[in-house]
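# An overview of the molecular structure
Single-letter residue listing:
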Amino acid sequence: MMPPFGLLHRRAWASLFGQLLRPSGLVCIGEVHFHSQVSEAVLISQLKPHQEKSNFVIKTPKGTRDLSPQQMVVREKILDMVIDCFKRHGAKRLDTPAFELKEMLTEKYGEDSGLIYDLKDQGGELLSLRYDLTVPFARYLAMNKVKRMKRYQVGKVWRRESPTIVQGRYREFCQCDFDIAGQFDPMIPDAECLKIMCEVLSGLQLGDFLIKVNDRRILDGILAVCAVPQSKFHAICSSIDKLDKIPWKDVRHEMVAKKGLAPEVADRIGDYVQRHGGVSLVEEMFQDSRLSQNKQALEGLGDLRLLFEYLTLFGIAEKISFDLSLARGLDYYTGVIYEAVLLQTPAQAEECLNVGSVAAGGRYDGLVGVFDPKGHTVPCVGLSIGVERIFAILEERMKTAGLKIRTTETQVFVATPQKNFLHERLKLISELWDAGIKAELLYKNNPKLLTQLHYCEHMGIPLVVIIGEQELKEGVIKLRSVASREEVAIKRENLVAEIQKKLSES
């Protein structure tokens, strides 16, 4: 008789595999089947002694992390608040694959295209992990010939950049997007996107914030009137976009030394991109002798003037700043662009809470046409909420405040002070579950009552129902408040209604 599988010594198994593997195709050892196509070397390598793994480090890949139950509670609250806002504005949910055909993603992100994760060819299709949720949405619209849609999407995206964990920057992270697709009157959807951004940031109580707005047509107009060659537009925009991180002199140096721009041209750009203000700056730019001669810039300024009119009606104009340095590096933007940043207090600056922008977006009227075989376009505008960065801020604040987070939503715990009452506890908890009440019990036949009560206090469970011999005889259940430790006897048939009443009062 053959010994059990787990009792054979590793060397004995290796020897046995060598003897039993035959060219016939299939070998049976007891109930375990092995294909002869598997080489002896592979099988033996899988049975190497455990000691050889001593140098193996258990860790998550660089730029990724696990989220604990405590962290997930905070994260879910953030997502719930964001999604509630999206639904309030009439959006429907969409989902797309985590990976796309590589050709769908290439040349859509400018200099950032090098950050796309390519997957190994598995035979047939070259694939890449999605870089954002916007390009897959545009692909979906073109593929399904959808001309009008207001959608939101929540999902993970991947970018092969250097992570900065303290600032909430990862290689794998979650995005929450809201987009409006379709041909509508100018700036009404754009204004709603900015209103949503304000609602989300205000609702999350992150502190004071500012939303910078610009228009890619204005930026292109500036570069044109400053005599920047058309071939350098994207490269120079990428440099301008760094002005929120490094001073103008460093940006100017990059333009001149690294990107070959004439010093006098860089200086002319500097006269524009260091300016910011409100609607008055829009009017000022209309009067600019050079910019007023550029058709693209005038179109952008006209739309911004209208946008500020709608933002005033929404009551959020004071949260918006017309910032000529805002560039948004992604190639697909064609019109209004925006980015939200938190305004730090000195105390917050000392706590290293500078996470950069916490929300961003803009108009991309040409992206759907790139995917459509006939080039049919669907104008789109949208926004993305930076969940990871917001989470980093809230997590840091909670650590500082020493807040305890409850990781379950259990409302009632089923307990007993006596032995041999598991069957009664199981019947009782089943009644509670069937009534839609969130309930737990300890997975032990005879747990001590004190252990059960301590568990409730530790987990923050508000109510305990206690059943014992006396309660069973009298047809009652004791209902105990964990906080006050008060107990009342409730008739068994009234228990569910009484629990629901208590929960509604709390």
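Along each chain, residue indices are assigned from 1 in the same order as the chain's sequence is written. Local features in a predicted model are, by the rule used here, given only for residues with pLDDT of at least 70; side-chain atom pairs are given and counted only at 80 or more, and totals for whole chains, interfaces and linings are based on all residues. Values shown for side chains rest on all heavy atoms present in the structure; no hydrogens or waters enter the calculation.

Under an unreviewed UniProt entry, the protein has the name histidine--tRNA ligase and belongs to Canis lupus familiaris. As its UniProt record puts it under Sequence similarities (unreviewed entry), the protein is described as follows: "Belongs to the class-II aminoacyl-tRNA synthetase family." Turning to the protein, the UniProt annotation filed under Catalytic activity (unreviewed entry) states: "tRNA(His) + L-histidine + ATP = L-histidyl-tRNA(His) + AMP + diphosphate + H(+)". UniProt positions are given in the numbering used here, feature names are shortened, and annotations may be inferred rather than shown by experiment.

## Brief notes about the overall build of the protein
Helix and strand counts for the protein come out as 19 helices and 18 strands. Per-residue burial over the protein gives 45% buried out of 506 residues. Contacts are residue-level and defined by heavy atoms, with any inter-residue pair within 4.5 Å sufficient. Within the protein, contacts between residues at least 6 apart in sequence are counted, and of these 67% link residues at least 24 apart. Each accessible area is a Shrake-Rupley estimate made with a 1.4 Å probe; only the visible protein chains count as cover when residues are assessed. In the form shown here, the protein has an accessible surface area of approximately 27,100 Å², with 53% of it arising from carbon and sulfur atoms. Secondary structure elements are defined from DSSP: runs of H or I of at least 4 residues count as helices, runs of E of at least 2 residues count as strands, and each element is numbered from the N terminus. Here the term buried applies to any residue with accessible area under 20% of the maximum for its type, exposed to any over 50%, and partly exposed to those in between, with areas from a 1.4 Å probe on protein chains only.

## Overview of the pairing of strand β8 (residues 209–215)
For β8, a buried count of six out of seven residues is recorded, marking the element as mostly surrounded by other parts of the structure. One bridge is not enough; two strands pair if DSSP finds at least two bridges between them. Bridge analysis of β8 against strand β11 (residues 336–342) gives seven bridges, and the strand direction is antiparallel. Of the residues in β11, the one forming a bridge with Phe209 is Leu342. The pairing of β8 with strand β10 (residues 320–323) spans three bridges and is parallel. Looking at β10, one finds that Ile211 is bridged to Ile320.

## What to know about the packing of helix α3 (residues 69–88) against helix α15 (residues 387–401)
Two elements in contact, α3 and α15, have axes separated by 10 Å at closest approach and are oriented at 130°. Considered as vectors, α3 and α15 are oriented oblique to each other. As for the relative orientation of α3 and α15, their crossing is right-handed in sense. In contact with Gln71, Val74, Arg75, Ile78 and Leu79 of α3, α15 contributes Val387, Glu388, Ile390, Phe391, Leu394, Glu395 and Met398. Amino acids outside the nonpolar list (Ala, Val, Leu, Ile, Met, Phe, Trp, Tyr, Cys, Pro) and the charged list (Asp, Glu, Lys, Arg) are all regarded as polar, and Gly is one of them. Looking at side-chain class alone, the contact of α3 with α15 contains eight nonpolar, one polar and three charged residues. To get an axis, fit a line to the C-alpha atoms, keeping to the stretch in contact for a helix; angles then go from 0 to 180 degrees between the N-to-C directions. When an angle is under 35 degrees it counts as roughly parallel; over 145 it counts as roughly antiparallel; between 65 and 115 it counts as roughly perpendicular; any other value is oblique. Here a crossing is taken to be left-handed if its near helix is turned anticlockwise relative to the far helix by less than a right angle, and right-handed if that turn runs clockwise.

## Describing the sheet that holds strand β17 (residues 476–481)
What the five strands build is an open sheet, ordered β15-β14-β16-β17-β18; its pairing is mixed. Only two strands of the sheet have a single neighbouring strand rather than two, namely β15 (439–440) and β18 (487–491). In this sheet, β18 lies alongside β17 in antiparallel orientation, the contact comprising five bridges. The residue bridging Lys478 from the neighbouring strand is Ala489, located in β18. The strands touched by helix α16 (residues 422–434) are β14 (412–415), β15, β16 (463–466) and β17; relative to β14, the strand with the most contacts, the crossing angle is about 165°. Running at roughly 175° to β14, helix α17 (residues 449–459) makes contact with β14, β15, β16 and β17 of the sheet.

## What to know about the UniProt feature "binding site: L-histidine" (unreviewed entry) in the protein
The feature "binding site: L-histidine" (unreviewed entry), as given by UniProt, occupies Asp132, Leu133, Thr134, Arg159, Gln175, Asp179, Arg328, Tyr332 and Tyr333 in the numbering adopted here. When you line up the elements, Leu133 lands in the loop between β5 (127–129) and α5 (134–143). In contact with Leu133, other than residues within four places in its own chain, are Arg151, Gln153, Gly155, Val157, Gln175 and Asp177. If you trace the backbone, Arg159 turns up in the loop between β6 (149–158) and β7 (172–181). Ignoring any residue separated from it by four or fewer positions in sequence, one finds Arg159 in contact with Leu115, Tyr117, Tyr131, Asp132, Arg171, Phe173 and Gln175.

## A short note on α16
Helix length check: α16, at 13 residues, gives a terminal C-alpha distance of 18 Å against a target of 18 Å (1.5 Å per residue), a fit within 8%. Those residues of α16 lying buried are Glu424, Arg425, Leu428, Ile429 and Leu432. Across the axial projection of α16, the buried residues extend over an arc of 125°, all falling on one side. Opposite the packed face of α16, turned more than 90 degrees from it, sit the exposed residues His423 and Asp434. Here the buried face of α16 lies against β14, β15, β16, α18 (469–474), β17 and α19 (495–505). Residue Gly436 follows α16 closely and has a positive phi angle near 80°. Multiply 1.5 Å by the residue count of a helix minus one, and that product is the helix's expected span. Note: the arc covers the axis-to-C-beta directions of the helix.

## Focus on the packing of helix α11 (residues 279–286) against helix α12 (residues 295–313)
Helix-helix packing is described using two parameters, namely the angle between the two axes and the distance between the axes. At their nearest, the axes of α11 and α12 sit 10 Å apart, and the two run at 155° to each other. What the angle tells us is that α11 and α12 run roughly antiparallel. Between α11 and α12 the crossing geometry is left-handed. Facing α11, whose interface residues are Val279, Val282, Glu283, Met285 and Phe286, α12 presents Leu298, Leu301, Gly302, Leu304, Arg305 and Phe308. When its residues are assigned to classes, the contact of α11 with α12 shows eight nonpolar, one polar and two charged.

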